[in-house]
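Now for the letters of each chain:
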Amino acid sequence: MSRWLFKSEPDTWGWADQVARGDAGEEWHGVRNYQARNNMRAMRVGDLGFFYHSNIGKEIVGIVEVIRESAPDSTTDDPRWDCVMVRAQRAFKRPVSLEDCKVVPGLEAMALVKSPRLSVQPVTADEWQIICRLGGIA
């Protein structure tokens with residue numbers, strides 16, 4: 001199983017919106033970056049990802065699960081773009097801020113810190129454990 005991080009602006013699509021979709025989940029649509037798209041193409045059903053509020057808050061607030069592998073993005077007719085479908089799995093007890101990620105040992109090489117503009121990014125197993133512990137769910 002692989003681990004990921006999904007960024008979303010909370011005033012456009014936040015954790016509460018994701019939770020409200022329930023088991024049906026939601027397409028992670030609108031991604032127009034090749035590297036982020038390729039990351040989604042590498043995802044498999046059952047993979048987990050952090051849900052990160054970008055711009056406002058700049059914090060990891062929960063975990064989502066991939067429930068459908070990459071398929072055409074329903075928001076465009078351009079065949080270059082596709083997306084996965086995710087559903088909310090678990091909220092963090094405490095959000096984990098970008099600032100925390102920058103100073104906590106073991107997270108200094110995290111894509112969130114090194115590639116801050118990438119909207120869908122991989123997370124290592126060690127980073128996953130550290131973030132879950134900081135979020136109060138480990």
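What comes next is a walk through the structure. (Residues numbered from 1 in each chain as written. Predicted model: local features only at pLDDT ≥ 70, side-chain atom pairs only at ≥ 80, totals over all residues. Heavy atoms only, no water.)

## Topic: the pattern of salt bridges
For the coordinates displayed, the defined rule picks out 8 salt bridges. The closest approach of N and O atoms between arginine 21 and glutamate 26, which form a salt bridge, is 2.7 Å. Take arginine 21: its relative accessible area is 37%, and that puts it in the partly exposed class. What makes glutamate 26 buried here is its relative accessible area of 18%. The shortest N-O distance in the salt bridge between aspartate 73 and arginine 32 comes to 3.0 Å. Of this pair, aspartate 73 sits in the loop between β4 (59–72) and β5 (82–97) while arginine 32 sits in the loop between β2 (26–27) and α2 (34–41), and the two are 41 residues apart along the sequence. According to the relative accessible area criterion, aspartate 73 is buried, its value standing at 2%. (Salt bridge = Lys/Arg side-chain N within 4 Å of Asp/Glu carboxyl O. Buried < 20%, exposed > 50% of the residue type's maximum accessible area, 1.4 Å probe, protein only. Helix = DSSP H or I, 4+ residues; strand = E, 2+ residues; numbered from the N terminus.)

## Regarding the sheet that holds strand β6 (residues 120–123)
On the basis of which strands lie adjacent, the open sheet formed by 6 strands has the order β2-β5-β4-β3-β1-β6 and mixed pairing. Bordering the open sheet on either side are β2 and β6, each of which pairs with just one other strand. With 6 bridges connecting them, strand β1 (residues 3–8) and strand β3 (residues 48–53) associate as parallel partners. Bridge pairing in β3 places arginine 3 opposite leucine 48. Along the sheet, helix α5 (residues 125–134) makes contact with β1, β3, β4, β5 and β6, crossing β5 at roughly 50 degrees. (Pairing = 2+ DSSP bridges. Contact = heavy atoms within 4.5 Å. Axes fitted to C-alpha atoms, helices over the stretch in contact; angles between N-to-C directions.)

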